[in-house]
Structure formats: structure tokens, C-alpha cells
Amino acid sequence: MNADRYTYRVTWSEEDGEFVGLCAEFPSLSWLASSQAKALSGIVALVGEVLADMRRHHEQIPEPFSTKQYSGKFQVRIPPERHRALAVQAAESKVSLNRLVNDRLCA
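What counts as what
Numbers given to residues run from 1 along each chain, matching the order in which its sequence is written. For a predicted model such as this one, the threshold for reporting local features is a pLDDT of at least 70, and the threshold for listing and counting side-chain atom pairs is 80 or more; totals across whole chains, interfaces and linings nevertheless cover every residue. Calculation of side-chain values draws on the structure's entire complement of heavy atoms; hydrogens and water are dropped beforehand. Only Phe, Tyr and Trp rings are paired, with Trp represented by its six-membered ring, and only when their centres lie within 6.5 Å; those with planes under 30 degrees apart are stacked, over 60 edge-to-face, the remainder tilted. The helix count covers DSSP runs of H or I at least four residues long, the strand count covers runs of E at least two residues long, and both are numbered beginning at the N terminus. Three labels apply to residues, based on accessible area from a 1.4 Å probe with only protein chains included: buried if under 20% of the type maximum, exposed if over 50%, partly exposed otherwise in between. Given a helix with a known number of residues, its expected span is that number minus one, times 1.5 Å. In this analysis, two residues are considered to be in contact whenever any of their non-hydrogen atoms come within 4.5 Å of each other. Here, axes are lines fitted to C-alpha atoms. For helices the fit covers the stretch in contact, and angles between N-to-C directions go from 0 to 180 degrees. To sort the angles, those under 35 degrees are grouped as roughly parallel, those over 145 as roughly antiparallel, those from 65 to 115 as roughly perpendicular, and the leftovers as oblique. Three residue categories are used. Nonpolar comprises Ala, Val, Leu, Ile, Met, Phe, Trp, Tyr, Cys and Pro, charged comprises Asp, Glu, Lys and Arg, and polar comprises the others, including Gly. Paired strands, as defined in this entry, are two strands with at least two bridges between them according to DSSP. Think of a salt bridge as a Lys or Arg side-chain nitrogen and an Asp or Glu carboxyl oxygen that are within 4 Å of each other.

Engineer: What is the right way to read the packing of aromatic side chains from this model?
Structural biologist: To describe a pair of aromatic rings, you give the distance between the ring centres and the angle between the ring planes. Under the counting rule described, the total for this entry stands at two aromatic pairs. Between the aromatic rings of Tyr6 and Phe26, the centroid separation amounts to 5.4 Å while the plane-to-plane angle is 65°, which identifies the pairing as edge-to-face. Placement of Tyr6 in the segment before strand 1 (8-13) and of Phe26 in the loop between strand 2 (18-23) and strand 3 (30-33) is noted, with a sequence separation of 20 residues between them. Across the pair, Phe26 and Tyr6 agree in class, each one buried. Considering the side-chain rings of Trp12 and Phe19, the 4.9 Å spacing of their centres and the 75° angle between planes classify their relative orientation as edge-to-face. Taking the relative accessible area as the measure of exposure, Trp12 reaches 41% and is therefore partly exposed.

Engineer: Where do I start with helix 1 (residues 36-56) in this structure?
Structural biologist: In an α-helix, one full turn covers 3.6 residues, which means residues spaced three or four apart are oriented alike. In a regular helix each residue adds 1.5 Å, so 21 residues correspond to 30 Å; helix 1 covers 30 Å between its end C-alpha atoms and thus fits that length. Where helix 1 is buried, its residues contact strand 1, strand 2 and strand 3.

Engineer: What am I meant to see in unusual backbone geometry here?
Structural biologist: For residues that are not glycine, phi is negative in most cases, and the peptide bond is trans in most cases. Positive phi is not limited to glycine here, since His58 has a value of about 55°. Along the chain, His58 falls in the loop between helix 1 and helix 2 (80-93). We note that Lys94 has phi near 60°; this positive angle belongs to a residue other than glycine. Topologically, Lys94 is positioned in the loop between helix 2 and helix 3 (97-106).

Engineer: How should helix 2 be read in this particular structure?
Structural biologist: The terminal C-alpha atoms of helix 2 lie 20 Å apart, and with 14 residues this matches the ideal 20 Å at 1.5 Å per residue to within 8%. Immediately downstream of helix 2, the backbone of Lys94 shows phi near 60°, a positive value.

Engineer: How should the packing of helix 2 against helix 3 be read in this particular structure?
Structural biologist: The relative placement of two packed helices is expressed as an angle between their axes plus a distance between the axes. As a packed pair, helix 2 and helix 3 sit with axes 8 Å apart at the nearest point and diverge in direction by 100°. Considering the angle they form, helix 2 stands roughly perpendicular to helix 3. Across the interface between the two elements, His83, Leu86, Ala87, Gln89 and Ala90 of helix 2 pack against Leu97, Leu100, Val101 and Arg104 of helix 3. Classifying every residue of the contact of helix 2 with helix 3 by side-chain character gives six nonpolar, two polar and one charged.

Engineer: Please explain the sheet that holds strand 3 as it appears in this structure.
Structural biologist: Hydrogen bonding along the main chain pairs the strands of a sheet, whether they run parallel or antiparallel. A sheet is described by the order of its strands in space; here three strands give the open sequence 1-2-3, paired in antiparallel fashion. Looking at the sheet topology across the chains shown, the edges are occupied by strand 1 and strand 3. Along the sheet, successive strands turn relative to each other by an average axial angle of 25°, direction set aside. Here strand 1 runs beside strand 2; their pairing, made up of six bridges, is antiparallel. In the sheet register, Thr11 faces strand 2, and the bridge partner there is Val20.

Engineer: Sorry, what's going on with the pattern of salt bridges here?
Structural biologist: As a working rule, side chains carrying opposite charge can pair if their charged atoms are close by. Throughout the structure, instances matching the rule amount to three salt bridges. Between Asp53 and Arg56 there is a salt bridge, with its nearest N and O atoms 3.3 Å apart. With Asp53 and Arg56 both in helix 1 and three residues apart, this pair spans about one turn of that helix. Given a relative accessible area of 30%, Asp53 falls into the partly exposed group. Under the relative-accessibility criterion, Arg56 is labelled exposed at 57%. Of the charged contacts, one joins Asp103 and Arg99 as a salt bridge, the two residues approaching to 3.3 Å between their closest N and O atoms. Here Asp103 and its partner Arg99 are both found in helix 3, four residues apart, which amounts to about one turn of the helix.

Here it is as C-alpha cells:
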């Protein structure tokens with residue numbers, strides 16, 4: 001797996017007074033730098049080093065979110081009372097419960 005397939009984010013860290021590069025698939029890694037570009041290139045390089053090390057040690061490498069296949073379905077456990085209330089709201093709105101929850105997640 002190539003380091004460039006992973007999900008990166010760069011944000012400002014007020015605490016550190018620098019930009020911090022992060023990788024969603026490797027939440028324990030970060031890279032501080034004076035610019036956004038340097039933070040991004042730093043975290044990508046670091047992930048590349050970690051991947052090489054993981055390969056050398058025959059460790060399982062996380063699959064990038066960008067290459068995972070998603071079914072479009074997931075289960076959420078909620079209290080029965082909330083389930084009932086949502087079912088009533090869906091019925092009153094003349095939509096399926098699925099549609100109601102999807103619309104709320106997208107709002």
C-alpha cells in the first residue's frame with residue numbers, strides 16, 4: 001500500500017503554534033510544521049516510513065478508507081424510546097424511518 005492512498009488532514013494547533021498533519025488511518029501519528037504544505041508532506045513521509053517498517057515486520061497494514069468498499073448500511077443502537085419516537089416522526093412525515101434518519105444525518 002502506498003502512503004498517498006491514505007486520508008490526511010492538516011489543521012492549526014494553537015497549543016503548539018504550528019500546523020499539524022494527521023492521518024485518519026494512523027490516529028497515533030502526527031507531524032508538526034511551520035506551514036500547511038510542510039505538515040502535509042511530513043505526515044505523508046512519516047506514514048510511508050511506518051508502512052515500510054510494518055512490511056519489514058510482517059505486520060497487518062491498515063486498508064486506506066479510499067480503497068475500502070462500503071455497503072451503504074450500518075447499524076446504530078439507540079434506546080427503544082428514541083426508536084419509537086423516530087418511527088412516529090417518520091410516519092407523520094410520510095417517509096420511511098430509513099429516509100428520516102438519512103435526512104437527519106445529512107443535515
